[in-house]
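Topology and contacts: notes
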Amino acid sequence: MAGTTVSHPPESAAIEHTPTAGRFGPYGGRYVPETLMAALNELEQAYADAASDPTFQAELDDLLRNFAGRPTPLYFAAHLTQQLGGAKIYLKREDLLHTGAHKINNALGQGLLARRMGKRRIIAETGAGQHGVATATVCALLGMECIIYMGEEDIRRQELNVLRMRLLGAEVLPVASGSRTLKDAVNEALRDWVTNVRTTYYILGSALGPHPYPTMVRDFHRVIGIELRQQMLEREGRLPDAILACVGGGSNAIGAFHAFLEDRDVRLIGVEAGGRGKALGDHAARFEGGVPGVLQGTYSYVLQDEDGQVALTHSVSAGLDYATVGPEHAALHDSGRATYVSADDAHVLDAVVRLARAEGILPALESAHAVAECLRIAPEMPRHAILVVNLSGRGDKDMGILARELKIAGAEALERP
Amino acid sequence: MPIRFQQHPGLVVYLTAGDNGLHADAAHIRPGDLSVTRDIALAAIDAGTDVIELGVPFSDPMADGPVIQRASERALRAGTRLQQVIDLTAELRAARPQAGILLFSYLNPILRYGMRRFADAAAAAGADGVLLTDMIVEEAGDYLAEMKRTGLSPVFLAAPTSPDARLEDIAAHSAGFIYAISRTGITGKQQQLAADAAALVERIRRWTQLPVAVGFGISNADHVAQVGRFADAAVIGSAIVELIERSTPEEAPGSVARFIEGLRQPQLVQAL
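What this report covers is the structure whose coordinates are included nearby. (Residues numbered from 1 in each chain as written. Chains lettered and ligands numbered in written order. Predicted model: local features only at pLDDT ≥ 70, side-chain atom pairs only at ≥ 80, totals over all residues. Heavy atoms only, no water.)

In this assembly, 38 residues from chain B lie in contact with 38 residues from chain A. A combined buried area of about 3,200 Å² lies between chain B and chain A, and 49% of that area is made up of carbon and sulfur atoms. Contact with chain A buries area across many residues of chain B, yet Met62, Arg112 and Glu139 of chain B alone supply 22% of it, more than any other trio. Inspection of the chain B/chain A interface yields six salt bridges. (Contact = heavy atoms within 4.5 Å. Buried area = accessible area lost by both parts, 1.4 Å probe. Salt bridge = Lys/Arg side-chain N within 4 Å of Asp/Glu carboxyl O.)

Written out as C-alpha cells, the structure is:
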C-alpha cells in the first residue's frame, strides 16, 4: 500500500450560504449556542481594533522576535536532498521556536488580545500539548490564570507536555468523554466558555471553530509564509515549486500557505493523518473519508457516520487526531488551490528516523507527516525543483512514543506497569 | 398545530430519545427500539406536560452537561437514529393529538439527513416545531425557509448574554415560543434559579407576544412556581433525564409522571 493517497472534491456542499464575514466559500460560519454569540461578536470587534492598532502589532512583533525567536531559519537539507536525488529540500524551522512549535505565534497574539480585552482567566484545549504549553507559557508571561483541557488519552501519550504546563502554573484538566482526545477537549473548553463567558477568554489553538477564530488564528500564523517567501527569494531568487505542511486543524499549514495563495505556480500540499488504515475510525484524513458538516461551531469536512454522528479518529500523532479540519482548508480543497493527501503511521515513523539521521533534526510526529510526503514526492521531482517542508514542531515531546514504536534500546524503561 | 400551554405555568419536558437508563437490560431491547421513550413521553403528557422535546442524541453535545451527555452516549450505544425519533414523533402524535411535540437536535445529524428531507419528515410525522441547539438566527436562512415551507415552528434560544438587538432578531424569527436560557452555562440542575432569568424574560417580552419558556437548571416545584411569576412555561431537562438514568425501563414512566405531578405542587415558594 502506498503511504499517501489523493482525495477529490465532493460533488456539492450541503449548505446554502449567504456570503458573510467568516465564510470561506460555503465553509466556516458560526454554529454555536446563543450564549456565546455576544462573546464572539465582542471578540471579532476587539480583534479588528487590535489588528489596526500599531502599538498592538509592535508589542506582538517584539515578543515574536525576542521572546519566541522569530524569524525562524529556512534550512537547506543538503543530505536529505542528496539521498533522495530529486528536488532541493528546504525546511522552515518552526520547530526552533520557543516552546517547540509554531503554536506560540497564535498563543502570543491571542494572549495580548485577551489582556487588551481585560480578561484575566484563560482557557484552552490541547491535543499534543503544544498549544497547551504555548498558552501556559503566555499566561505565565502575562500573569494570567490558565486552565487547559486535555483528553485523558492525550495526557497519557504526551505526558511530558502535561508536566511542562503544570510547571508553568497552568491547571490541566483531564477530559474523560468520547474518544478522550482533542475533539473532546474542545467540547469541554466550549462548555467552560459558555458557563464563564463573561470573565473568560478562550485561546482556541487552531484555525477552527466559530468565526472569528479561523481568520484570527490564520492571521497570527501568516508570519510563517511571509518570512518563507522573503527567505526563499533571498536564497534562490524565486519562489518554491511546492510547500508541504501537516494538517490537523490546519493552523501551521494555513500560516505557511497564505502568503502564496496568489502564486499559482506554487503547489500547496496539506498532509493529513492516514493513521493505521482506511476504515472510519482508523485515521484522521477528513478530505478522504469526511463529508461537509458542522462540528464545534464551524462548517467543514467532518469524519462522521451516515447518521451524522462524529466518528472516532486515530493517529500516532495526538495533534492531528481530530475529526474536522479548518474551514479555509475545506475551501482551498474544493477550489483545487491546495491539494490534500495523507501519510500513514508507519510512513510517519519512518520519516522521523530518516530526518533525524540525515539532518540531525528530530521532527514532531505531526510535522513528520509532511516529511513523509516529502520523502515520497521529492525523488520524482527534477533536481532544479524546490520543495519546502514546514517543520511545525520538534519531536522531544514524542520520545516516549518513538522509543516504544521504534523499539529503541532502553525503551523498556518507559513501559509502565 | 400551534403550541399551547394549557396551564400556568406550562411545562416543557426534554427527553433524550432512545435512552433507557442505566439499568436497561440490553438483551431485552432491540437496537433502535424507542418504546421506553414512548412510554415515558405518554406518561409525561398524561401527567400535565404541555410540550415534549424529543432530543436527538449526538456524539458531541457541547451545550450539555454531564447528565445529558451520559444519556446521549447511552442512546447512541442503543442504536438510536434520527429516523426512529421522527417515527416516534408520529406515534406520539397519533396517541396524543393535543400535545406539543418538538424535535430537539444539534445541527449535524439534521444536515446529514438533509434539511429539506428532515423538514418534510418532521412535518409529516406531526411535529409542531424544531429546536436546534447550535443554530443561531444569522445562519438560519435555509432552516427558516424549510420551517416556513412545512409549517413547523422554529424555536430559538435566547441567552442572558444576548443584547437587545439579538433578542429582537430572535423574536422576529421564532414561532411557537421562545426558549429563554436561565443562566450562562450548559444544561444541568442547580439549586437556585438565577436572577438573570426574570430580567431576560422581561427584555424578550419587549419584542414579542410569543409565550416565553425558561429552561436550564430547573429541577423542582419551587423553581417552576418562581418561573410562573414571570414566564409562561418552565423547561425541565436534566432533572428528568437523571431520574430516567436511575430508573429501570419499567419504573421510568411512573417515576417521571409522579415527578411531573409534583412540579405543580410547590412545597415552599421562596421569593426570588
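Turning next to the sheet that holds strand S7 (residues 178-181) of chain B. Residue and element names in this part refer to chain B. Within the open sheet, the nine strands sit side by side as S5-S4-S3-S2-S1-S9-S8-S7-S6. Their pairing is parallel. The open sheet terminates on both sides in strands that have one partner only, identified here as strand S5 (153-154) and strand S6 (157-158). Relative to strand S8 (residues 212-215), S7 runs parallel, the two sharing four bridges. Residue pairing for S8: Ile181 is matched across the bridge by Gly215. Contacts from helix H6 (residues 141-150) reach strand S4 (129-132) and S5, with the element oriented near 165 degrees to S4. (Pairing = 2+ DSSP bridges. Helix = DSSP H or I, 4+ residues; strand = E, 2+ residues; numbered from the N terminus. Axes fitted to C-alpha atoms, helices over the stretch in contact; angles between N-to-C directions.)

Moving on: the sheet that holds strand S8 (residues 200-202) of chain A. All names here are of chain A. Strand order in the open sheet made by the four strands is S7-S6-S5-S8, with parallel pairing throughout. At either margin of the open sheet sits one strand with a lone partner, and together these are strand S7 (171-175) and S8. Strand after strand, the sheet turns through a mean of 25 degrees between neighbouring axes, direction not considered. Of the strand pairs in this sheet, strand S5 (residues 121-126) and S8 are connected by three bridges, and their pairing is parallel. Residue pairing across strands places Arg121 opposite Thr200, the latter belonging to S8. On the sheet, helix H8 (residues 182-195) packs against S5, strand S6 (145-151), S7 and S8 and is oriented at approximately 160 degrees with respect to S5.

Of the consecutive residues Arg70 of chain A and Pro71 of chain A, the connecting peptide bond is found in the cis state with omega at -5 degrees. In this structure, Pro71 of chain A sits in the loop between helix H2 (54-68) and strand S3 (74-76). That bond from His8 of chain B to Pro9 of chain B is cis: its omega, -10 degrees, falls within 30 degrees of zero. Along the polypeptide, Pro9 of chain B turns up in the segment before strand S1 (10-16). Positive phi outside glycine occurs at Thr99 of chain A, with the angle close to 75 degrees. Mapped onto the elements of the fold, Thr99 of chain A is located in the loop between strand S4 (88-92) and helix H4 (103-116). The phi dihedral of Lys407 of chain A falls on the positive side, at around 50 degrees, and the residue is not glycine. Looking at Lys407 of chain A, the relative accessible area reads 70%, which means it is exposed. (Buried < 20%, exposed > 50% of the residue type's maximum accessible area, 1.4 Å probe, protein only.)

Let us look at the packing of aromatic side chains. Under the counting rule described, the total for this entry stands at 14 aromatic pairs over all chains. Judged by centre distance (4.5 Å) and plane angle (40 degrees), the rings of Phe287 of chain A and Tyr340 of chain A are tilted. In this pair, Phe287 of chain A is assigned in helix H11 (residues 286-289) and Tyr340 of chain A in strand S13 (residues 338-344), connecting sequence segments 53 residues apart. This pair shows no difference in class: Phe287 of chain A is buried, exactly as Tyr340 of chain A is. Measuring from ring centre to ring centre gives 5.7 Å for Phe5 of chain B and Phe177 of chain B, while their planes differ by 70 degrees; the resulting arrangement is edge-to-face. (Phe/Tyr/Trp six-rings, centres within 6.5 Å; stacked < 30°, edge-to-face > 60°.)

Here we come to the pattern of salt bridges. All chains considered together, the criterion is met by 48 salt bridges over all chains. Two residues, Glu227 of chain A and Arg70 of chain A, come together in a salt bridge whose shortest N-O distance is 2.8 Å. Separated by 157 residues along the polypeptide, Glu227 of chain A in helix H9 (residues 213-236) and Arg70 of chain A in the loop between H2 and S3 bring together distant segments of the chain. Grouping residues by exposure puts Glu227 of chain A and Arg70 of chain A together as buried. A salt bridge links Arg70 of chain B to Glu245 of chain B; the nearest nitrogen and oxygen atoms lie 2.7 Å apart. Of this pair, Arg70 of chain B sits in helix H2 (residues 66-77) while Glu245 of chain B is found in helix H10 (residues 238-246), placing the two residues 175 residues apart along the sequence. Here the residues in one salt-bridge network are Arg70, Lys92, Glu94 and Glu227 of chain A, joined through shared partners.

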